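Chain by chain, the residues:
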Amino acid sequence: MRSEAPVHYDERRETWDVFRYEDVDRVLRDHETFSADRSSSGVDSSDEAGEGMPVLKTMISTDPPEHDRLRGFVNDRFQPGALREYRPRLAELTDELVDGLEDAGRFDFVEEFAIPLPVTVIAELLGIPAERRDQFKEWSDALIARPESPSEEAVQRMQARRETAQREMGQYFAKLLEERESGEGNDLVTLAATTDELRLQEKIGFCMILLLAGNITTTNLLTNAVWCFEEQGIMEAVRSGDIDRKKAIEEVLRYRSPIQEIQRVASENVELGGQQIEAGEVVNVWVGAANRDPEIFDEPETFRPERSPNQHLAFGKGIHYCLGAPLARLEADIALDRLLARFDRLDADLSELQPISSHYGLQFLPCRVN
Ligand code: HEM
């Protein structure tokens, strides 16, 4: 598709698909022509609330100037420098999970490590008590759930589950935000509670988007890293430092990008890759395809752990560039460091791979440590 029909209209979904790196990059950078606010397109979107629910406006689905206000108050807190102070605590949280694996011998990497780590980390940053973390996982699963089948009942079931989770989470955060209004803590709920920049619904939306955007994505980065390292036979080389761990993580992000697809809506008529896109039409940019574009990447189908430069688009581009990218990179770096340092061997069983449906990742990844 990338070479034959780089910008292609999908009749069934009624959306434009964009595959080439150059075009994907242009759409993501040009936020004036390609809006992140899908409410005007009339299509269903994954972060849209169900009927009767207030639609929570968050930075991910707004354009400037709203976007800049919703992101601006927290941007500094996610910069690599600001996150550095968390490194020891993140290492501690990671070690607690690794401790739990010690006696396991065989375990499911997804369930026992890659899922709990990001939830624990974001709960820590938000300042959520540890005992609420299981509940968090349940809420975030419900909010990103897809129907089990296209049937009307399945869609309704999914919507009901989503609405319940959104309501419960909204109530939970509203209460917490109120409690922390005069707080002095360093956590992100206190930061939101004490800012004058945001209304209550926006503060709640902010807390929720951090859970939604950061959990399944980071789970898949961790899983895909172990998957790639096993497949390539480079686990030992990463452990010993013969292969640079940080570069290898970037190559995982390029080669198996957790988010494959990002949506925008054309806000005016525009020509892209020789096609005429009308205002109001939905444009899907395929990040995974762009990240394997031979115009940009030498031998794109080959996993090259120390690929450099590696200007992949796994975290997006432009004003919506992933807020949590430095955090996700830090988590993956610490996680792989601690895991590989603790065990003499970490072997993943790749005999049965089952992809998940919503992102690029695996349902489970049996591993053995000793
Ligand atoms: C935005 C990917 C981890 C929070 C994005 C976007 C991508 C992305 C592609 C751009 C979406 C768009 O342009 O519409 C990823 C991947 C991750 C990851 C692959 C893990 C490997 C995280 C984490 C957090 C986070 C850990 C938070 C703790 C956000 C937020 C946005 C965002 C808030 C919206 C930014 C904006 O609209 O200005 N992410 N993400 N992400 N991500 Fe991430």
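For clarity, every value in this text was computed on a predicted model and none was experimentally measured.

Notes on the coordination of the iron atom of the ligand
In this structure the iron atom of the ligand is ligated by exactly one protein donor, Cys322 (SG), at 2.3 Å. Mapped onto the elements of the fold, cysteine 322 is located in the loop between helix 13 (287-290) and helix 14 (325-342).

Examining the environment of threonine 194
Mapped onto the elements, threonine 194 comes out in the loop between helix 9 (188-193) and helix 10 (200-232). Between the C-alpha atom of threonine 194 and that of serine 182, which follows or precedes it by 12 residues, the distance is 6.9 Å. Other than its neighbours up to four places away in sequence, threonine 194 contacts Arg180, Glu181 and Gly183. A polar contact is formed between the side chain of threonine 194 and the backbone oxygen of threonine 190, at a distance of 2.7 Å.

A short note on the pattern of salt bridges
Under the counting rule described, the total for this entry stands at 30 salt bridges. Its salt-bridge partner being glutamate 124, residue arginine 89 comes within 2.9 Å of it at the nearest N-O pair. Of this pair, arginine 89 sits in helix 4 (residues 87-101) while glutamate 124 sits in helix 6 (residues 116-126); the two residues are 35 residues apart in sequence, bridging distant segments of the chain. A residue is classified by how much of its surface remains accessible, and arginine 89, at 28% relative accessible area, is partly exposed. A relative accessible area of 22% means that glutamate 124 is categorised as partly exposed. The salt bridge partner of arginine 307 is glutamate 251, with a shortest N-O separation of 3.1 Å. You can see arginine 307 sitting in the loop between helix 13 and helix 14 and its partner glutamate 251 sitting in helix 12 (residues 245-255), a full 56 residues away along the chain.

Focus: the environment of methionine 235
By the secondary structure assignment, methionine 235 is in helix 11 (residues 235-240). The buried category is assigned to methionine 235, whose relative accessible area is 7%. C-alpha of methionine 235 to C-alpha of isoleucine 122: the two residues are 113 residues apart in sequence and 27 Å apart in space. Every residue in contact with methionine 235, bar those within four places of it in the chain, is listed here: Val226, Phe229, Glu230, Leu340 and Leu346.

With respect to the packing of aromatic side chains
The relation between two aromatic rings is expressed through the spacing of the ring centres and the mutual angle of the planes. Enumeration over the complete set of coordinates arrives at 13 aromatic pairs. Here tyrosine 21 and phenylalanine 297 contribute two aromatic rings whose centre-to-centre distance is 5.9 Å and whose plane-to-plane angle is 70 degrees, an arrangement assigned as edge-to-face. You can see tyrosine 21 sitting in helix 1 (residues 21-29) and its partner phenylalanine 297 sitting in the loop between helix 13 and helix 14, a full 276 residues away along the chain. Like phenylalanine 297, tyrosine 21 is buried. Between the aromatic rings of tryptophan 139 and tyrosine 172, the centroid separation amounts to 5.6 Å while the plane-to-plane angle is 45 degrees, which identifies the pairing as tilted. Here the residue tryptophan 139 occupies a position in helix 7 (residues 133-144), and tyrosine 172 occupies one in helix 8 (residues 152-179), the gap between them amounting to 33 residues.

Looking at the sheet that holds strand 8 (residues 282-286)
Taken together, 5 strands build an open sheet; the order of strands is 1-2-8-5-3 and the sheet is mixed. Here the strands that pair on one side only, and so sit at the sheet edges, are strand 1 (7-10) and strand 3 (34-35). Lying on the sheet, helix 1 is in contact with strand 1, strand 2 (15-18), strand 3, strand 5 (261-266) and strand 8; it crosses strand 8 at an angle near 125 degrees.

Some words on helix 6
Of all 11 residues making up helix 6, 9 are buried, and the element is well covered by its neighbours. Regarding helix 6, the residues found buried are Leu117, Pro118, Val119, Thr120, Val121, Ile122, Ala123, Leu125 and Leu126. One or two positions beyond helix 6, positive phi appears at glycine 127, with a value near 80 degrees.

Observations concerning the site of the ligand
Neighbouring residues of the ligand: 25 residues in total, closest His67, Arg71, Arg264, His320 and Cys322. Residue methionine 59 places a main-chain N or O atom 3.3 Å away from an oxygen atom belonging to the ligand. At 2.7 Å, a side-chain N or O of histidine 67 approaches an oxygen atom of the ligand. Counting only elements with at least two residues in the shell around the ligand, the list comes to helix 2 (66-75), helix 10, strand 5 and helix 14. No other element matches the 5 residues that helix 10 contributes to the shell around the ligand. In terms of residue class, the shell around the ligand is built from 16 nonpolar, 7 polar and 2 charged.

As for the side chain of histidine 312
Along the polypeptide, histidine 312 turns up in the loop between helix 13 and helix 14. Reaching out from histidine 312, the side chain makes a polar contact with the backbone nitrogen of alanine 314 at a distance of 3.1 Å.

Parameters and conventions
- Residues numbered from 1 in each chain as written.
- Predicted model: local features only at pLDDT ≥ 70, side-chain atom pairs only at ≥ 80, totals over all residues.
- Heavy atoms only, no water.
- Donors = N, O, S within 2.8 Å, 3.2 Å for Na, K, Ca; no water.
- Helix = DSSP H or I, 4+ residues; strand = E, 2+ residues; numbered from the N terminus.
- Contact = heavy atoms within 4.5 Å.
- Polar contact = N/O pair within 3.5 Å; in protein donor to acceptor, adjacent residues only side chain to side chain.
- Salt bridge = Lys/Arg side-chain N within 4 Å of Asp/Glu carboxyl O.
- Buried < 20%, exposed > 50% of the residue type's maximum accessible area, 1.4 Å probe, protein only.
- Phe/Tyr/Trp six-rings, centres within 6.5 Å; stacked < 30°, edge-to-face > 60°.
- Pairing = 2+ DSSP bridges.
- Axes fitted to C-alpha atoms, helices over the stretch in contact; angles between N-to-C directions.
- Near = heavy atom within 4 Å.
- Nonpolar A, V, L, I, M, F, W, Y, C, P; charged D, E, K, R; others polar.

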